[in-house]
Amino acid sequence: MIKKYFVDIISVIIGAILLLSPSSKEGVFVLDVGQGDAILIQKDKNQILVDGGGDDTVLYRVGEYMPLGDMEIEIVVLTHPHSDHINGLMYVLERYEVGQVWFTHIDYESSIYEQFLELDVNKVEIEQGSRYFLGEWYIDVLFASDGIYNRDFNANNASIVLELNTDKRKILLMGDAEVEEEEYLLKKGVLEDVDILKVGHHCSRTASSERFLDTVKPEIAICSYGKDNGFGHPHIETIDNLKERNILMLSTAKEGNIEIL
Ligand SMILES: [Zn+2]
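Residues numbered from 1 in each chain as written. Predicted model: local features only at pLDDT ≥ 70, side-chain atom pairs only at ≥ 80, totals over all residues.

Novice: I keep staring at the overall build of the protein and nothing clicks. Help me out?
Specialist: The helix and strand inventory of the protein stands at nine helices and 14 strands. Taken over the C-alpha trace, the protein has a radius of gyration of 19 Å; the compact-globule value for 261 residues is 18 Å, and the two agree within 12%. A total of 261 residues make up the protein; the buried ones form 43% of that total. A fraction of 63% describes how many contacts in the protein between residues 6 or more apart in sequence connect residues 24 or more apart. (Helix = DSSP H or I, 4+ residues; strand = E, 2+ residues; numbered from the N terminus. Rg over C-alpha atoms; globule rule 2.2 N^0.38 Å. Buried ≥ 20, exposed ≤ 12 C-beta atoms within 10 Å, placed from the backbone. Contact = placed C-beta atoms within 7 Å.)

Novice: What am I meant to see in the nonpolar core here?
Specialist: Across soluble globular proteins, nonpolar side chains have a tendency to be buried as a group. Ile39, Leu49, Val76 and Leu173 are the most contacted members of the largest nonpolar core, which totals 62 residues. Every residue in contact with Val76, bar those within four places of it in the chain, is listed here: Leu49, Leu89, Val92, Leu93, Val98 and Val101. (Core = buried A, V, L, I, M, F, W, Y, C linked by C-beta atoms within 7 Å.)

Novice: What is the right way to look at the packing of helix α3 (residues 83–95) against helix α4 (residues 111–118) in this model?
Specialist: Put simply, α3 and α4 touch, their axes get as near as 10 Å, and they point 45 degrees apart. As the angle between them shows, α3 and α4 are arranged oblique. Every pair of crossing elements has a handedness; the one defined by α3 and α4 is left-handed. Within the contact between the two elements, α3 uses Ser83, Ile86, Asn87 and Met90 and α4 uses Ile112, Tyr113, Gln115 and Phe116. The residue makeup of the contact of α3 with α4, split by class, is five nonpolar, three polar and no charged. (Axes fitted to C-alpha atoms, helices over the stretch in contact; angles between N-to-C directions. Parallel < 35°, antiparallel > 145°, perpendicular 65-115°, else oblique. Left-handed = near helix turned anticlockwise from the far one by under 90°. Nonpolar A, V, L, I, M, F, W, Y, C, P; charged D, E, K, R; others polar.)

Novice: I tried to follow the environment of Lys168 on my own but got confused; where do I start?
Specialist: On the secondary structure map, Lys168 appears in the loop between β9 (161–165) and β10 (170–173). The class for Lys168 is exposed, based on 11 C-beta atoms found within 10 Å. Placed 100 residues apart in sequence, Lys168 and Leu68 show a C-alpha to C-alpha distance of 26 Å.

Novice: Would you mind going over the sheet that holds strand β4 (residues 72–77) with me for this structure?
Specialist: Hydrogen bonds along the backbone pair up the strands of a sheet, which may run parallel or antiparallel. Reading across the sheet, the seven strands line up as β6-β5-β4-β3-β2-β1-β14 and stay open at both edges, with mixed pairing between neighbours. Looking at strand neighbours, the two that pair on one side only are β6 (123–125) and β14 (258–260), the edges of this open sheet. On average, each strand axis in the sheet is inclined to that of its neighbour by 20 degrees, with strand direction left out of account. As judged from the three bridges shared by strand β3 (residues 46–50) and β4, these two strands associate in the parallel manner. Bridging from a neighbouring strand, Val50 pairs with Val77 of β4. Against the sheet, α3 engages β3, β4 and β5 (97–103), with an angle of about 155 degrees to β4. (Pairing = 2+ DSSP bridges.)

Novice: Explain the pairing of strand β1 (residues 27–30) to me, please; I cannot follow it from the model alone.
Specialist: Within a regular beta strand, the side chains point alternately toward one face of the sheet and then the other, so they alternate between its two faces. Bridging between β1 and strand β2 (residues 39–43) involves four bridges; their strand directions are antiparallel. Paired with Val30 across the strands is Ile39, a residue of β2. Relative to β14, β1 runs antiparallel, the two being bridged by three bridges. Counterpart to Phe29 in the pairing with β14 is Glu259.

Novice: Would you mind showing me how to read the sheet that holds strand β12 (residues 220–223) here?
Specialist: Pairing is mixed across the open sheet formed by seven strands, whose spatial order is β7-β8-β9-β10-β11-β12-β13. Of all strands in the sheet, those with a lone pairing partner are β7 (131–134) and β13 (248–251), marking the two edges. Each strand axis lies, on average, 20 degrees off the axis of its neighbour in the sheet, ignoring direction. Here β12 pairs with β13 via four bridges, running parallel. Counterpart to Ile220 in the pairing with β13 is Leu248.

Now the structure itself:
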């Protein structure tokens with residue numbers, strides 16, 4: 001009798017967990033992690049996480065989308081080592097099994113970056129120009145170099161830039177790349193018309209030049225920043241440049257997680 005009662009309780013608990021479990025839907029999710037970046041790409045229950053925001057919020061956000069019990073993220077990308085991108089990733093690397101960690105090794109001093117470099121995880125210095133397949137989707141690495149950083153020592157301009165091609169759309173993820181990196185990409189001729197732009201550097205005026213916007217021509221621009229942040233993001237010049245081109249601007253501060261399905 002006691003045993004039966006116990007089994008009933010267990011099945012109620014399991015039922016409740018199943019009801020609460022995330023949908024594990026496929027798509028690209030620009031996560032609301034406050035001031036910072038964290039973007040989850042999920043396809044066939046495989047995941048790529050690009051940056052982790054500035055604290056452990058990313059763990060809760062990722063948990064909203066990953067299948068229950070899936071504790072493996074296939075690829076984690078550290079676009080560049082600023083705290084609003086790396087701090088949250090350290091929690092992710094502690095909590096999840098991670099197949100590969102893509103990064104660019106730059107000569108940048110910070111204690112958390114040092115800890116990252118010492119971590120026993122499968123770090124890969126991903127090559128610019130490489131392509132990674134995720135089912136029938138694929139990701140092109142448009143930028144992965146320390147070349148600009150070694151000139152101006154602005155870590156934003158070491159940001160790994162990725163273009164994701166799903167079966168429905170092209171999505172450009174700029175990290176915190178500023179105008180100097182955009183100029184490099186324009187000159188190299190690797191930028192093309194995309195559907196959605198994860199805008200560089202939290203919609204700061206230091207990124208998204210008019211020439212850049214006129215080349216990538218997104219329909220939707222997504223700005224990732226925290227409410228009332230101390231940097232004044234998003235800057236009015238960027239908002240105006242997007243408006244002038246009839247680009248719909250969405251932000252994590254206003255919408256929360258932004259889902260591209
Ligand atoms: Zn940033």
